[in-house]
Amino acid sequence: MRISKLPTLFLALLACSTAAAQAFDYDDIADGRFRPAQLAGIRPTADGEHYTTLESNDIVRYSYASAAPGESMLPAPTPNLVITDYAFSPDERSILIASGRKPIYRHSYTTSYSLVRDNAVRPVLRDAEAPRDASFSPDGQKIAYSDRNDLYVYDITFQTTRR
């Protein structure tokens, strides 16, 4: 008697699951209905235990493991510097800060850059007319950027620029 109820139960569950399934077409997929949720605004650190985020013109580091308040990555408040983006050097000892974003066309823009290093914030790439797309070298000792359709390398230690 129990064996005869098992196929009936299976058929009932199968009918319920197919009735609950919704039909979808290409428009549902193209509209992003099935796109996975994204977590924006945080950047994981290399140690895997922390993440950073931009809050009220400050770069704040939080721990994944605790609900403790975050700690500022900047040595002091920077009211005259409006941070629009930032990047850590590969060793995460320096931070390249982009500020003063000026649009050129659509997604293109120029900006001014500052460097957080040795517990100080100082402007860099001051000789550049319209610096764009700055990033650290793999060793973290230089900054590559483009300016007026040319590529440049700024040496952080010697504060010199090479075309």
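Each value, and the rule that gives it
Residues numbered from 1 in each chain as written. Predicted model: local features only at pLDDT ≥ 70, side-chain atom pairs only at ≥ 80, totals over all residues. Heavy atoms only, no water. Helix = DSSP H or I, 4+ residues; strand = E, 2+ residues; numbered from the N terminus. Polar contact = N/O pair within 3.5 Å; in protein donor to acceptor, adjacent residues only side chain to side chain. Core = buried A, V, L, I, M, F, W, Y, C linked by side-chain atoms within 4.5 Å. Buried < 20%, exposed > 50% of the residue type's maximum accessible area, 1.4 Å probe, protein only. Salt bridge = Lys/Arg side-chain N within 4 Å of Asp/Glu carboxyl O. Pairing = 2+ DSSP bridges. Axes fitted to C-alpha atoms, helices over the stretch in contact; angles between N-to-C directions.

J.: Provide a residue-level description of the side chain of Ser137, including the pertinent values.
T.: Mapped onto the secondary structure, Ser137 falls in the loop between strand E9 (131-136) and strand E10 (142-147). Within the local environment of Ser137, its side chain forms a polar contact with the side chain of Asp139, the two groups lying 2.5 Å apart.

J.: Give me the nonpolar core: which residues, what numbers.
T.: Among the nonpolar cores identified, the biggest contains 14 residues, and Val124 and Ile143 are the most heavily contacted of them. Among the nonpolar cores identified, the runner-up in size contains 8 residues, and Leu74, Leu81, Ile97 and Val116 belong to it.

J.: So, the pattern of salt bridges: which residues are in play, and what are the values?
T.: If charged atoms from side chains of opposite charge come close, those side chains can pair. Considering all chains together, one arrives at 6 salt bridges under this definition. Where Glu129 meets Arg148, a salt bridge forms, and the shortest distance between an N and an O atom there is 2.9 Å. Highlighted residues: Glu129 in the loop between strand E8 (120-124) and E9 and Arg148 in the loop between E10 and strand E11 (150-155), separated in sequence by 19 residues. For Arg148, the salt bridge is made with Asp147, and the minimal N-O distance between the two is 3.4 Å. Here the salt bridges share partners, and the residues they tie into one network are Glu129, Asp147 and Arg148.

J.: I'd love a proper account of the sheet that holds E9, names of residues and values included.
T.: The strand order across the open sheet formed by 4 strands is E9-E10-E11-E12, and the pairing between neighbours is antiparallel. Edge positions in the sheet fall to E9 and strand E12 (160-162), since each has one partner strand and no second. Between one strand axis and the next, the sheet turns by 25° as a mean value, whatever way the strands run. Of the pairings in the sheet, the one linking E9 to E10 comprises 4 bridges and is antiparallel in character. The residue of E10 that forms the bridge with Arg132 is Ser146.

J.: Account for the sheet that holds strand E2 (residues 50-55), naming residues and giving values.
T.: Here we have 4 strands laid out as an open sheet, ordered E1-E2-E3-E4, and antiparallel in their pairing. Whereas interior strands pair on both sides, the edge strands pair on one side only; in this sheet they are strand E1 (42-44) and strand E4 (71-72). Strand direction decides the pairing type here: strand E3 (residues 58-63) and E4, joined by 2 bridges, are antiparallel. The partner of Val60 across the bridge, within E4, is Ser72.

J.: Tell me about the pairing of E11, and please be specific about residues and values.
T.: Looking at chain direction, E10 and E11 are connected through 6 bridges and run antiparallel. In the sheet register, Ser146 faces E11, and the bridge partner there is Leu151. Hairpin connection from E10 to E11: 2 residues lie between these consecutive antiparallel strands, with Arg148 at a positive phi of about 50°. By the bridge criterion, 3 bridges tie E11 to E12 in an arrangement that is antiparallel. The residue of E12 that forms the bridge with Val153 is Arg162. The antiparallel pairing of E11 with E12 creates a hairpin that spans 4 residues between the two strands, and Gln159 there sits at a positive phi of about 55°.

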